[in-house]
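Listed here are the chains, written in short residue letters.
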Amino acid sequence: MSSSEKVTKLFRIHKTVHKMLNARGYLVQQKELERDKDSFREAYGDDPKRESLTLMLPRRDDPSENIFVFFPEEEKVGVKTIKEYAKRMKDESVFRAIIVVQASLTPFAKQSLLECASQSFYIEQFQEMELLVNITEHVLVPEHVLLSDAEKRTLLARYKVKDTQLPRIQLHDPVARYYGMRRGQVVRIIRPSETAGRYVTYRLCV
């Protein structure tokens, strides 16, 4: 891959990650959402080091709650890298992270992610290919809004239903992964409607 292709690829991934974190409720600077390829190249150079793209951002509604985004250099990520990231999370009291991998994780690295989760350090994994395009900007993907716990309770009380009676969205659905949904969370889906203007449905993440 030429350096120009690498810059283009990492710029697109970097942009999608910022939009994804913004949609999840993290505090993303407007300049990052609007950043173009030229300013990305100015900031990170003609041959960007993936490690230099590492992010740590706070939640908008709770600045004490942060998320890390790691961009490992190696193509196939091993257990040593996972342990380094987990240690950094522990040292800085950050309990959520995203790893953007070029190819895959080794079986031991995948096991290490499960061990981290058992200690309440939750690390999501995305492949670079999944982040080259922002799926939520596709014309066929309707608007999704994640409900807070309080909003979920209000919804269930209003309709006198249990959450298990709602239609479902799978935890591994690409849209659920984009929003970082967890089992038991509810998402509001808003579709345009020719008759009603808009059509709203709700789905439970399972």
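The model shown is predicted, which means the values in this text are computed figures rather than measured ones.

*Asks:* Any details on the side chain of Lys152? Residues and values, ideally.
*Replies:* Along the chain, Lys152 turns up in helix 7 (residues 149–159). Taking relative accessible area as the criterion, Lys152 reaches 16% and is therefore assigned buried. Not counting residues up to four positions away in its chain, the partners in contact with Lys152 are Leu147, Asp163, Gly184, Val186 and Leu204.

*Asks:* If you had to explain the UniProt feature "domain: RNA polymerase Rpb5 N-terminal" (unreviewed entry) in the chain to someone new, which residues and values would you point to?
*Replies:* Under the feature "domain: RNA polymerase Rpb5 N-terminal" (unreviewed entry), the UniProt entry names residues 5–89. Here residues 5–89 runs as 51% helix and 13% strand, with 31 Å between its end C-alpha atoms.

*Asks:* So what about the UniProt feature "domain: RNA polymerase subunit H/Rpb5 C-terminal" (unreviewed entry) in the chain? Which residues, and what values?
*Replies:* Residues annotated in UniProt with the feature "domain: RNA polymerase subunit H/Rpb5 C-terminal" (unreviewed entry) correspond here to residues 133–205. The span residues 133–205 carries 22% helix and 32% strand; its end-to-end C-alpha distance comes to 23 Å.

*Asks:* Just give me the short version of the pairing of strand 10 (residues 197–205), but keep the residues and values in it.
*Replies:* Looking at chain direction, strand 8 (residues 168–169) and strand 10 are connected through two bridges and run parallel. Note that in strand 10 the partner of Ile169 across the bridge is Cys205. The pairing of strand 9 (residues 186–193) with strand 10 spans eight bridges and is antiparallel. Bridged to Arg191 within strand 10 is Tyr199. Between the end of strand 9 and the start of strand 10, which pair antiparallel, lie three residues.

*Asks:* If you had to explain the sheet that holds strand 7 (residues 143–146) to someone new, which residues and values would you point to?
*Replies:* Pairing between the strands of a sheet is mediated by backbone hydrogen bonds and can be parallel or antiparallel. Spatial strand order, 7-9-10-8: four strands in an open sheet with mixed pairing. On the outer flanks of this sheet lie strand 7 and strand 8, each paired with one strand and no other.

*Asks:* Tell me about the sheet that holds strand 2 (residues 66–70), and name the residues and values.
*Replies:* Judged by pairing direction, the sheet is mixed, and its four strands sit side by side in the order 1-2-4-6 without closing on themselves. Looking at the sheet topology across the chains shown, the edges are occupied by strand 1 (55–58) and strand 6 (122–127). The mean angle between the axes of side-by-side strands here comes to 20°, regardless of whether they run parallel or antiparallel. Bridging between strand 4 (residues 96–101) and strand 6 involves six bridges; their strand directions are parallel. The residue bridging Ile99 from the neighbouring strand is Gln125, located in strand 6. Packing against the sheet, helix 4 (residues 79–91) makes contact with strand 2, strand 4 and strand 6, and its axis sits at approximately 155° to strand 2.

*Asks:* Kindly report on the environment of Met129, identifying the contributing residues and their values.
*Replies:* Tracing the backbone through its elements, the reader meets Met129 in helix 6 (residues 128–131). For Met129, a relative accessible area of 62% corresponds to the exposed category. The spatial distance from the C-alpha of Met129 to the C-alpha of Leu147 is 28 Å, given a sequence separation of 18 residues.

*Asks:* Residue-level account of the pairing of strand 9, with values.
*Replies:* Bridge analysis of strand 7 against strand 9 gives four bridges, and the strand direction is antiparallel. Bridge pairing links Val145 to Arg188 in strand 9.

*Asks:* Lay out the domain arrangement of the chain in plain terms, naming residues and giving numbers.
*Replies:* You can read the domains of the chain as domain 1 (3–130) and domain 2 (135–205). When each unit is reduced to the centre of its C-alpha atoms, the spacing between domain 1 and domain 2 is 25 Å. At the junction of the two partners, domain 1 supplies ten residues and domain 2 supplies six residues. Buried area between domain 1 and domain 2, both sides added, is near 760 Å², and the carbon and sulfur share of it is 44%. Summed over the shared surface of domain 1 and domain 2, the number is two salt bridges. The interface formed by domain 1 and domain 2 includes six residue pairs in polar contact (both at pLDDT 80 or more).

*Asks:* Let's hear about unusual backbone geometry: which residues, and what values?
*Replies:* With a phi close to 55°, Ser93 is a non-glycine residue in the positive phi region. Along the polypeptide, Ser93 turns up in the loop between helix 4 and strand 4. Overall, Ser93 belongs to the partly exposed group, its relative accessible area being 45%. At Ser120, a position not held by glycine, the phi torsion is positive, near 70°. Along the polypeptide, Ser120 turns up in the loop between helix 5 (107–118) and strand 6.

The rules we used
- Residues numbered from 1 in each chain as written.
- Predicted model: local features only at pLDDT ≥ 70, side-chain atom pairs only at ≥ 80, totals over all residues.
- Heavy atoms only, no water.
- Helix = DSSP H or I, 4+ residues; strand = E, 2+ residues; numbered from the N terminus.
- Buried < 20%, exposed > 50% of the residue type's maximum accessible area, 1.4 Å probe, protein only.
- Contact = heavy atoms within 4.5 Å.
- UniProt positions renumbered as here; feature names shortened; annotations may be inferred.
- Pairing = 2+ DSSP bridges.
- Axes fitted to C-alpha atoms, helices over the stretch in contact; angles between N-to-C directions.
- Domains from an automatic or database assignment.
- Buried area = accessible area lost by both parts, 1.4 Å probe.
- Salt bridge = Lys/Arg side-chain N within 4 Å of Asp/Glu carboxyl O.
- Polar contact = N/O pair within 3.5 Å; in protein donor to acceptor, adjacent residues only side chain to side chain.

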